[in-house]
Amino acid sequence: MTDKTKKHPGAGLKKSLAMLGLLFLTLLLLNILFSNIRIRWDATSDKIHSLSPGSIAILKKLEEPVSIRYYFSDDPMQMPVHFRAFGRRAADLLKEYEESSGGKIRLEIIHPKPDSEEEDWARTYGIEPLPTPGGDNLYLGLVAISGDREQTIAFIDPAREASLEYDITRTLTQISRAEKPQVGILSGMNIYGAPGMPGMGGGGSRWFFLKEMEKTVRLHTIDGDEEDLPEKLDLLILFQPDYLSPSMLHAIDAYVSSGGNLMVFSDPAAVSDPMSGYGPTESPLDPLFEAWGIEKDDRVVVDFHAATRLMGQNNQVENNPSWLSLDASALNRDHLITATLNSLLLPMAGTVSLGENSPLKAEVLVSSSENAALFDPAEVRMGMENVRRSFEAEGKRYPLAMIFAGQFPVAFPDGPPEEEGIQAESIGEDKAEKTDGRDKGEKLSEGKAETAVKKQKPATLVFIADADLLFDAYYMSRQSFLGFEMARVFNDNLNFVLNSVEMLSGSPDLIHVRTRDVTDRPFHRVKDLERQAETRWLSREQALLQRAEEASMRIQMLESQKQGEDALVLSEEQEAELRRFNEERMRINQELKEVRRNLRSDIDDLGTRIKIINMLAVPLLVAGAGIILGIKRRPEPPHG
């Protein structure tokens, strides 16, 4: 028996349209009802769209109410689409601050029109106008006002969106503090961009990290010639110093032993310093390190697990293991400074360690992998083929940055050392002349009386065995838009240093904010496979290089026998042996090229396969699930 009842063909369509209309009305009603209620769910694993604990902690510490005026030209006809989208996301984040502040922050979003009173106020506060081709100005900046203090972000850089929360929280921190921390910096490298003679390290731009530091601290520039440090320093930074007067050396000793925090950059081969040459091999700080029990090694750490792809001497891209591209596995995940950093680039870094008899406590912040060894800087500069030939992993991780804490022993308890000056060796004749030209009549005895050692207190020292990591090109790129220069940071070099500065100068809450800046998400599996391929082919390459070297030496010996009076009496056997070694050398060189070609091919193939799997896996899974669901829900054909 069959069901002979037939439905009218238009009934189903009317029912569907009615349901669709009802759904539309329901959504419209819900949208109206909840338009003023912000309900957000941050589904990202790192909660990148929520305020971090550091920001919330700083909001709780606000003692006075803060008014934030956000100037955002939300003009769809003038503002570029991606700027406008970014501006709206910035507004959402500012609303998060207002809601999390417990009433301490009042947000005002202003869309200034051309020639309006709002535009006049934006300029009064120092918001930078973005000129458009039509002659009007656009604005994307904010001012925070608390009492009689105000802080302005003249232009909120969309290229720094990952750091937007940090920039806003830093502004709130600045406006809530009466004074910025006092930080002194003494540098032997030209990081200030001051005019100088060509080839003497002068000229160039001021290094970007100084500008970033000045947003949170007050910087004091110190010269090694001076006899004392500025008063009330919260932190002293010694950036690859090349000369220190005896009085300055003693002042640093007294500063640290009396509880002053210190940050040291000591690089065995500063590639960004045209004056570095192949040194220095000795630092003016060595007497202090010796007294404190800190041992630095001026050889370069070579790590094949952290090699960086660079243009080699033969104008071909090659993996350079002396330029360390470090991922999260090289960073101390338990320390506040490095807990959530992701990547660092350290060109030709050295290593540091704690001596056996040191009274200090030490913790490693950054280290190499176990597939590493130490090389003389001059040997590394001769080329990677030389490094590959003699490389032998020592199976230990070399510390590249460490933090030392405790009571630092006094190096000069009787006053400044009785020397004319402590200068790094092997830094060039010109700087040696600088030492000779100094006033030999320095009043050392007077310095002894004036720089008596103060009461001793525990201090903290962050030691980084590299100075190049802060050279602009090694962590950021610059872009220009509407006359504004925007900086895009591509690793955590700057964050690492700013984290250290803020922890040592007494602003640790900001660290929890900045470290949310995710700069890169590499394919870790691809990296592991690359390392495996590198290790597998490196031993084969080393064996071939050794055979090639032996063949070349044998050929040179036979060639030498042909010279002089015996040149005409070279036997047939010797001639045959010479030909055989020449052929072997050619064969080895050919085989060596094949090994290197296979290495690159293996790495490229592995990387390509993994990337394809990552890109296609999810779409294929979704498509497969849809097909299976469609088959299951397919109506069964009528029986009979």
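So, here's what we can say about the structure. (Residues numbered from 1 in each chain as written. Predicted model: local features only at pLDDT ≥ 70, side-chain atom pairs only at ≥ 80, totals over all residues. Heavy atoms only, no water.)

Before going further, it helps to spend a moment on the nonpolar core. The biggest cluster of nonpolar side chains holds 51 residues, and the ones touching the most others in it are Phe209, Met263, Phe265 and Phe496. Considering each element in turn, this core owes the most residues, six residues, to helix α13 (residues 493-504). Setting aside anything within four residues of it in sequence, one finds methionine 263 in contact with Leu235, Leu236, Ile237, Leu238, Leu461, Val462, Ile464, Val497, Ser500, Val501 and Leu504. (Core = buried A, V, L, I, M, F, W, Y, C linked by side-chain atoms within 4.5 Å. Buried < 20%, exposed > 50% of the residue type's maximum accessible area, 1.4 Å probe, protein only. Helix = DSSP H or I, 4+ residues; strand = E, 2+ residues; numbered from the N terminus. Contact = heavy atoms within 4.5 Å.)

Moving on, we come to a nonpolar patch on the surface. Together, Leu13, Leu17, Leu20, Leu23, Leu27, Leu29, Leu30 and Leu33 make up a nonpolar patch on the protein surface, roughly 810 Å² of accessible area in all. Residue placement: leucine 20 occurs in helix α1 (residues 9-33). (Patch = residues over 30% accessible without salt bridge, like charges linked within 9 Å, V, L, I, M, F, W, Y side chains within 5 Å. Areas by Shrake-Rupley, 256 points an atom, 1.4 Å probe, with all protein chains shown as cover. Salt bridge = Lys/Arg side-chain N within 4 Å of Asp/Glu carboxyl O.)

Now for the pairing of strand β2 (residues 105-110). Taken together, the six bridges between strand β1 (residues 66-72) and β2 define a ladder with parallel strand orientation. Within β2, the position partnered with arginine 69 by the bridge is glutamate 108. Once you follow β1 into helix α3 (residues 81-100) and on to β2, the crossover reads as right-handed. (Pairing = 2+ DSSP bridges. Right-handed = clockwise from strand over helix to strand, strands pointing away.)

The strands that make up a sheet are held in pairs by hydrogen bonds between backbone atoms, and each pair lies either parallel or antiparallel. Spatially, β8-β7-β9-β11-β23-β21-β19 is the arrangement adopted by the seven strands of the open sheet, whose pairing is mixed. A strand with exactly one partner marks an edge of an open sheet, and here the two such strands are β8 (218-222) and β19 (361-367). Across the sheet, the axes of successive neighbouring strands diverge by a mean angle of 15°, strand direction being ignored. Pairing of strand β7 (residues 182-187) with β8 involves five bridges; the strand directions are parallel. Residue pairing across strands places leucine 186 opposite isoleucine 222, the latter belonging to β8. (Axes fitted to C-alpha atoms, helices over the stretch in contact; angles between N-to-C directions.)

The next thing to look at is the packing of aromatic side chains. Where two aromatic rings form a pair, the distance of their centres and the angle of their planes describe that pair. Throughout the structure, instances matching the rule amount to 16 aromatic pairs. Between the aromatic rings of tryptophan 207 and phenylalanine 471, the centroid separation amounts to 5.4 Å while the plane-to-plane angle is 70°, which identifies the pairing as edge-to-face. One end of the pair, tryptophan 207, is in the loop between β7 and α6 (208-213); the other, phenylalanine 471, is in the loop between β23 (459-464) and β24 (476-481), and 264 residues separate them in sequence. Grouping aromatic residues by their ring pairs yields a cluster made of Trp207, Phe209, Phe239, Phe265, Trp323, Phe471 and Tyr474. (Phe/Tyr/Trp six-rings, centres within 6.5 Å; stacked < 30°, edge-to-face > 60°.)

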